[in-house]
Amino acid sequence: MGSDLRFASISKKLATILRPLAASRMLVGAVVATVPFAGTTLMMAPSAKAADAATIVAKNQQDVARIEDYLNAITTLKADFVQISSDGGSAKGTLYMQRPGKMRFEYDPPSQILLVATGHDFIYYDKEINAPTYFDIDETPAGLILDDNVSLSRDVNIVDFRKTAETIRVKLVRKSDPGAGDVTLVFQDNPMQLRQWVVDDATGIETTVTLFNAEEGMKLDQKLFEFKRIWIGNGN
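Rules of the game
Residues numbered from 1 in each chain as written. Predicted model: local features only at pLDDT ≥ 70, side-chain atom pairs only at ≥ 80, totals over all residues. Heavy atoms only, no water. Phe/Tyr/Trp six-rings, centres within 6.5 Å; stacked < 30°, edge-to-face > 60°. Helix = DSSP H or I, 4+ residues; strand = E, 2+ residues; numbered from the N terminus. Buried < 20%, exposed > 50% of the residue type's maximum accessible area, 1.4 Å probe, protein only. Pairing = 2+ DSSP bridges. Contact = heavy atoms within 4.5 Å. Patch = residues over 30% accessible without salt bridge, like charges linked within 9 Å, V, L, I, M, F, W, Y side chains within 5 Å. Areas by Shrake-Rupley, 256 points an atom, 1.4 Å probe, with all protein chains shown as cover. Salt bridge = Lys/Arg side-chain N within 4 Å of Asp/Glu carboxyl O. Lys, Arg positive; Asp, Glu negative; His and termini not counted. Charge placed at Lys NZ, Arg CZ, Asp CG, Glu CD.

## A word on the packing of aromatic side chains
According to the stated counting rule, one finds seven aromatic pairs in the structure shown. Considering the side-chain rings of Phe81 and Phe105, the 5.2 Å spacing of their centres and the 70° angle between planes classify their relative orientation as edge-to-face. With Phe81 in strand β1 (residues 76–85) and Phe105 in strand β3 (residues 102–107), the pair connects residues that are 24 residues apart, well separated along the chain. Residue classification places Phe105 among the buried residues on the basis of a relative accessible area of 1%. Plain terms: the ring middles of Phe81 and Tyr107 are 5.3 Å apart, the flat faces sit at 85° to each other, and that makes the pair edge-to-face.

Given below as structure tokens:
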């Protein structure tokens, strides 16, 4: 009974906290139940989706290339973030990123959650119960941004592309599992800068993460991207 309750608690926290970086099965597999999307864009036949994605890329080829070039040029990034979910959840903290492969979401108190991408693993750590959970970063939307060679067409399809005088919004779904949800990247244009992403998961929950005070190109302490579990009683 105790282990069942602990698993249920961790699953609930995974479903709430991991939404900024992944949509349901994109990251946590069977831990979070998958519910098919009810939107016409995501319910199209696979061939139609691929054709539409190709059309979107062709019509916006220059801007898509600019986004890819911008993301590939990022070496390091630091920003404050605010996370708001449509189910009422909210949090804030600091994001650190070093390409390729490394990212850290440091949530402000009272949250006890830490998310770290070490370059190999993506780790969800609940400090309250001292429980780390490991995932493959390539299975997350974060893996798209942190990839050594960012591509908006290799592993994902662009299902919507919107440009205004000040912003560009790109909605992506994973080719291997389009029903798992989508992530929209929002960029400031001129100069281009990543400002926000919005995740719609397969349960219909929408989570928005907005970046503030973003800085790029600074030197970051490599300890930010290391994970060391705290062993109580061992002097750590």
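## Re the pairing of strand β4 (residues 113–118)
In terms of residue burial, β4 counts as a mostly covered element, since five of its six residues are buried. In this sheet, β4 lies alongside β3 in antiparallel orientation, the contact comprising five bridges. Opposite Arg104, over in β4, you have Val116 as the bridge partner. Two successive antiparallel strands, β3 and β4, enclose a turn made up of five residues. Relative to strand β5 (residues 121–126), β4 is paired through five bridges, and the arrangement is antiparallel. Counterpart to Ile113 in the pairing with β5 is Asp126. The hairpin turn running from β4 into β5, its antiparallel successor, is two residues long, and Gly119 in that turn takes a positive phi close to 110°.

## So, the environment of Ala79
With respect to the element layout, Ala79 can be found in strand β1. For Ala79, the residues in contact, after removing those within four places along its chain, are Gly93, Thr94, Leu95, Leu211, Phe212, Asn213 and Ala214.

## Description of the pairing of strand β10 (residues 193–201)
For β10, the tally of buried residues reaches eight of nine residues, placing the bulk of the element in the interior. Looking at chain direction, strand β9 (residues 181–188) and β10 are connected through eight bridges and run antiparallel. Pairing of Asp182 across the sheet is with Asp200, part of β10. Once β9 ends, the chain turns through four residues before running back antiparallel as β10, passing Asn190 with a positive phi of about 55°. Here β10 pairs with strand β11 (residues 206–216) via five bridges, running antiparallel. Among the inter-strand pairings, Val199 is bridged to a residue of β11, identified as Thr207. Following β10, the chain reverses through four residues before pairing antiparallel with β11; Gly204 in that reversal takes a positive phi of roughly 90°.

## With respect to a negative patch on the surface
Together, Asp121, Asp136, Asp138 and Glu139 line one region of the surface with negative charge. Relative to the helices and strands, Asp138 is located in the loop between β6 (131–136) and α4 (141–146).

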